[in-house]
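Spelled out from the first residue to the last, the chains are:
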Amino acid sequence: MGAGEETNHYKRALVAAKTAVVSARDGLTEDAPLPSGVGNTLLSGAWYCSEADTWFEDLNRQCDRVPAAFDAAIDEIEAALGVEPDDVDANDWRGTAYLTRHMHRLGMVPL
Amino acid sequence: MTTVALSGYLLDETLTELESLASTIESARTSAQRAVPYQVSVPTLSTSGVLGAVPEWLREQKIEPITVMRDLAYLLDNTGSTVEFTSTGADLVHDAKTEIGNIYADRFEDIDDIDSSEDREAMMHAFEMFEAYADDPVVSAAMLEKLGPEGLNDAFYDLQGLISYDWNEPNYNVMDKQEEVERLKEMQDMGASVLAMATASASSAGLLDDDFGRDFVDNDARGWGVSTLFQYADKTDSTLGTDFLVDAGEAILQREREQGGPDSWHGGLGGPYPPLPFGTDDGDDAVMNDPGLQWLQALDSNPQASQQILSDTENADYLLGERRSIYEDPQGAAAGEVLRAATVDLAFDGTDAESRTAAEIASHVVDHFGGDGNLLDGADEEVAAMLSTYMADVDRVVSRADDGESGIYGDPHPSRPDWLQDGDVPAYGIMIDSSDLTGLLKEIGDTDGAVTVLGETATRYNQVRLRHGTMSSLAGGEDWAEQTDGDPLVKAIQESSAFQGHLIDALINGDIDNEQDLKKQRDKLAAMFSLPLDYVTHVPGVGKTVSDILADPVGKFIFGNIKQSATDAYSGDGVSDAMRNGNEMWGTTRNSLRLQVLHEVLSASTSDSSTNEYTQTQGGETRFSVPDELRDAWPTVGGRPVPVGELSEDDVRLILDESEQADGYAGLVGTGVDNSFASLTEHWSGN
């Protein structure tokens, strides 16, 4: 960090955001594929016929959209991250000012 | 054909898993969205993005198909074990719903098999489940198709027959008979409610057979089942379909015409039928032995069906003028509500065809009941509301030009005042023969509520006319000679007082037998015509420029509250009390108009020219000269005179006293109103 520069806290927030979104996405399928709970009840005999099969295919298609949506969000965050420098000029909104405002939003410090 | 295997128990688990899946996705989306700085746009994480849409889709699937399948499974086997049913394969959910409807029809057919508390409990549980489907037209139509009109009637009688009212006990053995009777009454309410709701949803969707309504009535010689259906449709706020209401109604009316009116339902060779006790309600909410009356009370929630019935002039004449039921007090009230639905509800807000039909019905009512027909007292208020809807036509005929004939018109009437625009009046107006109008006003003039509705609308109508006159005079677009007949304000004062005077004259004319009656009647009318002064603050245009005011739509102000007025009871008002106490004479009415005019003149003349466009001087000419004493007598807030409704009794007395002595417009108010009331005074005083 050069003289008159500050850490880019906004960039750090983006890194944390990416981690959070990845974690949210992975948490959904950590134990099993998304609709497996519903699928298990159907396999047990809750509803059995060709229409049930078609409906379960629709359900799978809907569930497939979920991780893809998180991936799209991760792409957006990475794009924003890519243009951010590690350090910014003193008094830049992304520097200490960003950290202060962020902490204020969390109720940790007054503005 | 497809065989479908279902397990109620396992489908309950499917529902749980679906909700869990939706919630998991929702909370993952929320935690991710919270972590992202707002400076970054991530549409897929918002509620309107994919991650908001998927949980919504999952919850929709819970309702259909999963809950439908689950409920069908339990109806086929209440233990939740695996069951099978056969679908056509075209639309599984539709087939499942049809099957549910068929099963409920069987349940209703089994009502008379109930012979234990356990049976009764099981039936109540079935009714509870069915309530969730009563709004579903597919399930309801399937159930009613299987029951048929006769089965629907039987269901009501079977529900009724579960209690022996001679002994006030169930028709089966049970330990606590009184407790069981109370539970059975609750079951009667539940059963009748779901039957009425189902009939409403199926008929509104047009899924019942063409003759269902007529057959339902024709199958019920006593009419009690018909009464019960309509009573519970009314109780559950269920709107029955137009075809069903019209067909059933035509059958009821035909039967009454052929067999001697409403008495035919509860009379006959065997003497009057005793009313059949049913459900938990008694008194006014009990089922009456009058299917025609119960039908009318359900009909008014469907304005289109109301129009179809009253478009037949034979029906209108019978229902509003001849149908006298021992169950109705005052007689004609239910038919009046139907008239309101057919005219007031659709004259402004209906389609072009509905507005036209509303005018045709209104025209016939004026023509018939203003002529030879006698209107039932219970319909007076609603006829007043109907007339109020066509107040511009009433004003034209009362004050300016007798049409000399009845009928309707579509294009703007040639003599429509320039302050009323398209949209301020119904798309179709009515032509009125003045003798019919006079006759009709006499008919309704002895009913307080009717006079209140007319008085309120007429006063609002006048208020807008006076405001327009005041603003037009102030604008001075033409070189009006102040205080001559050409001045718009002078004209508005003359027209308003003439209209009010003639209207009261017509209302009072039919009901005066002696001097004492005369005084009572005029006091009552005066009080009622002073009622709407509280509304002065709501006149369109308050606080706007002259051009805004002249362009303002006034229809909603004048006519917007007619329906409400027709249903509100007259409860008195401080201003009319103040004026009445101050004068104790017929001048209450005259004074109310004077206060209206004075408020307009003061509103236009007391404002500070530096902050408001209203000024005393227009084009170098002082147009509204108001004496200081009068100006001081009227309290102001923010430079504007307070609304008439906020004046105290002392304020009113002082203002009227000062206006008597004033020159200019303020003085003209007194003399103008007085002159226009001269003929009325002569009539009242017997000179």
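Note that residues are indexed from 1 along each chain, following the sequence as it is written. Ligands are numbered from 1 and chains lettered from A, in the order in which they are written. Local features are withheld for residues below a pLDDT of 70 in this predicted model, meaning they are given only at 70 or higher, and side-chain atom pairs are given and counted only at 80 or more; totals for whole chains, interfaces and linings count all residues. Just so you know, side-chain values use all the structure's heavy atoms and leave hydrogens and water out.

(A) Representation of the overall build of chain B in the model. Of regular secondary structure, chain B possesses 31 helices and ten strands. For chain B, with 687 residues in total, the buried portion stands at 56%. Look at the contacts in chain B between residues 6 or more apart in sequence, and 77% of them connect residues 24 or more apart. About 27700 Å² of surface is accessible on chain B, with carbon and sulfur atoms providing 44% of the total. Strands are runs of DSSP state E lasting at least two residues, helices are runs of H or I lasting at least four, and both sets are numbered from the N terminus onward. Residue exposure (1.4 Å probe, protein chains only): buried if accessible area is under 20% of the type maximum, exposed if over 50%, otherwise partly exposed. Contacts between residues were defined by any pair of non-hydrogen atoms, one from each residue, lying within 4.5 Å. Working definition of accessibility: Shrake-Rupley area with a 1.4 Å probe, residue cover restricted to the visible protein chains.

(B) Region of the structure containing the packing of helix 14 (residues 333-342) of chain B against helix 17 (residues 380-389) of chain B. Residues and elements named next belong to chain B. Between helix 14 and helix 17, whose axes approach to 8 Å, the crossing angle comes to 15°. By the criterion of interaxial angle, the relationship of helix 14 to helix 17 is roughly parallel. The element helix 14 and its partner helix 17 pack so that their crossing is left-handed. Mapping the contact onto sequence places Gly336, Glu337, Leu339 and Arg340 in helix 14 and Glu382, Val383 and Met386 in helix 17. In terms of residue class, the contact of helix 14 with helix 17 is made up of three nonpolar, one polar and three charged. Axis definition: a line fitted to C-alpha atoms, over the contacting stretch in the case of helices. Angles run 0 to 180 degrees between N-to-C directions. Reported orientations rely on four angle classes, namely roughly parallel under 35 degrees, roughly antiparallel over 145, roughly perpendicular from 65 to 115, and oblique for the rest. Working rule for handedness: look at the near helix, and if it is turned counterclockwise from the far one by less than a right angle, call the crossing left-handed; if clockwise, right-handed. Just so you know the grouping, Ala, Val, Leu, Ile, Met, Phe, Trp, Tyr, Cys and Pro go in nonpolar, Asp, Glu, Lys and Arg go in charged, and all remaining residues, Gly too, go in polar.

(C) Highlighting helix 16 (residues 352-369) of chain B. Taking 1.5 Å per residue as the helical rise, helix 16 of chain B with its 18 residues ought to reach 26 Å, and the 26 Å between its terminal C-alpha atoms agrees with that figure. Turning to helix 16 of chain B, its buried residues are Glu354(B), Ser355(B), Thr357(B), Ala358(B), Ala359(B), Ile361(B), Ala362(B), Ser363(B), His364(B), Val365(B), Val366(B) and Phe369(B). What a helix should span is 1.5 Å times the count of its residues minus one.

(D) Geometry of the packing of helix 1 (residues 9-28) of chain A against helix 4 (residues 96-105) of chain A. Residue and element names in this part refer to chain A. Packing of helix 1 against helix 4 leaves a shortest axis separation of 7 Å and a crossing angle of 55°. Overall, the two elements helix 1 and helix 4 adopt an arrangement that is oblique. For the pair formed by helix 1 and helix 4, the contact residues are His9, Tyr10 and Ala13 on the first element and Thr96, Tyr98 and Leu99 on the second. When the residues that make up the contact of helix 1 with helix 4 are grouped by side-chain class, the tally is four nonpolar, two polar and no charged.

(E) Structural detail: the confidence of the model for chain A. Mean pLDDT over chain A: 90, with 96% of residues reaching 70 or higher. Confidence of the predictor at the level of single residues is given by pLDDT, which spans 0 to 100. Ranking the helices and strands of chain A by mean pLDDT puts strand 2 (residues 47-48) of chain A first, with 96, and helix 4 of chain A last, with 84.

(F) Here's a closer look at the interface of chain B and chain A. If you look at the interface, chain B gives 41 residues, while chain A gives 38 residues. Values labelled buried area give the accessible surface lost by two parts on being combined, using a 1.4 Å probe and summing over both. For the pairing of chain B and chain A, the buried interface totals around 3100 Å² over both sides, and the portion due to carbon and sulfur atoms is 76%. Note on definitions: salt bridges are taken to be side-chain nitrogens of Lys or Arg within 4 Å of carboxyl oxygens of Asp or Glu. At the boundary of chain B and chain A, one finds zero salt bridges. For this analysis, a polar contact is any N or O atom pair within 3.5 Å, provided that within protein one partner can donate a hydrogen and the other can accept it, and provided that sequence-adjacent residues contribute only side-chain to side-chain pairs. Run the count over chain B and chain A and you get five residue pairs in polar contact (both at pLDDT 80 or more).

(G) Region of interest: a negative patch on the surface. Residues and elements named next belong to chain B. The grouping of Glu109, Asp110, Asp112, Asp113, Asp115, Glu118, Asp119, Glu150 and Asp154 at the surface amounts to a negative patch. Broken down by secondary-structure element, the contributors of at least two residues to the negative patch are helix 4 (117-131) and helix 5 (137-160). Counting through the fold element by element, Asp115 comes out in the loop between helix 3 (92-109) and helix 4. Two distance rules govern patches: like charges are joined within 9 Å, and nonpolar side chains (Val, Leu, Ile, Met, Phe, Trp, Tyr) within 5 Å, applied only to residues with over 30% relative accessible area and no salt bridge. Neither His nor the chain ends contribute to the count of charged residues, in which Lys and Arg are positive and Asp and Glu negative. By convention, charge coordinates are those of NZ in Lys, CZ in Arg, CG in Asp, or CD in Glu.

(H) Region of interest: the pairing of strand 2 (residues 82-87) of chain B. Residues and elements named next belong to chain B. Every second residue of strand 2 is oriented toward a common face, the buried set being Val83, Phe85 and Ser87 and the non-buried set Thr82, Glu84 and Thr86. Bridge count between strand 1 (residues 2-7) and strand 2: six bridges; the pairing is antiparallel. Across the sheet, the residue bridging to Ala5 is Glu84, located in strand 2. Here, any two strands with at least 2 DSSP bridges between them count as paired.

(I) Molecular detail of the sheet that holds strand 2 of chain B. One open sheet accounts for three strands, arranged 2(A)-1(B)-2(B); its pairing is antiparallel. Both outer strands of the open sheet, strand 2 of chain A together with strand 2 of chain B, are each paired with one neighbouring strand and no more. Where strand 2 of chain A meets strand 1 of chain B, two bridges bridge the pair, whose relative direction is antiparallel. If you follow Trp47(A) over to strand 1 of chain B, its bridge partner there is Leu6(B). In the packing of helix 2 (residues 50-76) of chain B onto the sheet, the strands contacted are strand 2 of chain A together with strand 1 and strand 2 of chain B, and the crossing angle to strand 2 of chain B comes to about 110°.

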